[in-house]
Structures are given as structure tokens and as C-alpha cells.
Amino acid sequence: MNNRLEQIRERLEGALAPLHLEIIDDSASHAGHAGVMAGGGHFHATIVSAQFDGKSLVQRHQMVYSALGDMMHNEIHAFSMKALTPSEYPTTGNL
């Protein structure tokens, strides 16, 4: 696992205590994009956390971006996510 992926995992685990966390580094498939060429990676995450209970989708995304903090300025060029509550997770089918 690369260092950037480990940092993302540590930050999300520390801030959100996820019950399930899957992070995929999709940077290689975006080779040549300006953000990747500048050093930023492309990532997708599925995050299941009780801390998302009662929060809107926008609030959930804000929580994730807040946890990632300064990584969003340089290390991460694109970060897509599924931010789910524990009750939503088993009902979403294939993630």
C-alpha cells in the first residue's frame, strides 16, 4: 500500500471511526491529467460510519473533506466517495 493511501486511511479512521472503509487508488487510470501530473492522486472510497447518521449527503462529504484536510490541496486531486450510515450499507447492494 502506498504512503498516500495509508495517510488517507489513517485520517478517515481517526475522524470517522468507520465500520467499513474501502479506498481505491485510481491514479494510474488518470495518467496524463493535469492534477496527476502535478502530483495529486485520484481516489474512490466507500465509508460507512455511524457519525453520518442524521447528516445530509453534503454534510457527510464535508466531514470527509475536513478529515482529509490539507491533503486535498496537493496529495489528492480527485476524491469520490460513497458516505453511508450503517443502516444504509447493507441495503445498497453492490458497492
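Residues numbered from 1 in each chain as written. Predicted model: local features only at pLDDT ≥ 70, side-chain atom pairs only at ≥ 80, totals over all residues. Heavy atoms only, no water.

Under an unreviewed UniProt entry, the name given to the chain is BolA family transcriptional regulator, and the organism recorded is Methylococcus capsulatus. According to UniProt, the comment filed for the chain under the heading Sequence similarities (unreviewed entry) is "Belongs to the BolA/IbaG family." (UniProt positions renumbered as here; feature names shortened; annotations may be inferred.)

A. Up close: helix α3 (residues 57-68). Taking 1.5 Å per residue, 12 residues should reach 16 Å; α3 reaches 17 Å between its end C-alpha atoms and fits that length. Within the span of α3, buried status applies to Arg 60, Val 64, Ala 67 and Leu 68. Each buried residue of α3 sits inside an arc of 105° when the element is viewed along its axis, so together they form one side. In α3, the exposed positions angled more than 90 degrees off the buried face are occupied by Val 58 and Ser 66. Looking at the buried residues of α3, the elements they touch are α1 (3-16), β2 (41-48) and β3 (76-84). Directly beyond the C-terminal end of α3, a positive phi value near 50° is found at Gly 69. (Helix = DSSP H or I, 4+ residues; strand = E, 2+ residues; numbered from the N terminus. Expected span 1.5 Å × (residues − 1). Buried < 20%, exposed > 50% of the residue type's maximum accessible area, 1.4 Å probe, protein only. Arc of directions from axis to C-beta. Contact = heavy atoms within 4.5 Å.)

B. Molecular detail of the nonpolar core. Among the nonpolar cores identified, the biggest contains 18 residues, and Ile 8, Leu 12, Ile 23, Ile 47, Val 64 and Phe 79 are the most heavily contacted of them. Going through the elements one at a time, α1, β1 (20-25), β2, α3 and β3 are the ones with two or more residues in this core. Ignoring any residue separated from it by four or fewer positions in sequence, one finds Leu 12 in contact with Ala 17, Pro 18, Leu 21, Ile 23, Ile 47, Val 64, Ala 67, Leu 68 and Phe 79. (Core = buried A, V, L, I, M, F, W, Y, C linked by side-chain atoms within 4.5 Å.)

C. Structural detail: the packing of α1 against α3. Running from N to C, α1 and α3 cross one another at 125°; their axes reach a closest spacing of 8 Å. Our classification of the angle between α1 and α3 gives oblique. Note on packing geometry: the crossing formed by α1 with α3 is right-handed. Counted together, Ile 8, Arg 11, Leu 12, Ala 15 and Leu 16 of α1 and Met 63, Val 64, Ala 67 and Leu 68 of α3 form the full contact between these two elements. (Axes fitted to C-alpha atoms, helices over the stretch in contact; angles between N-to-C directions. Parallel < 35°, antiparallel > 145°, perpendicular 65-115°, else oblique. Left-handed = near helix turned anticlockwise from the far one by under 90°.)

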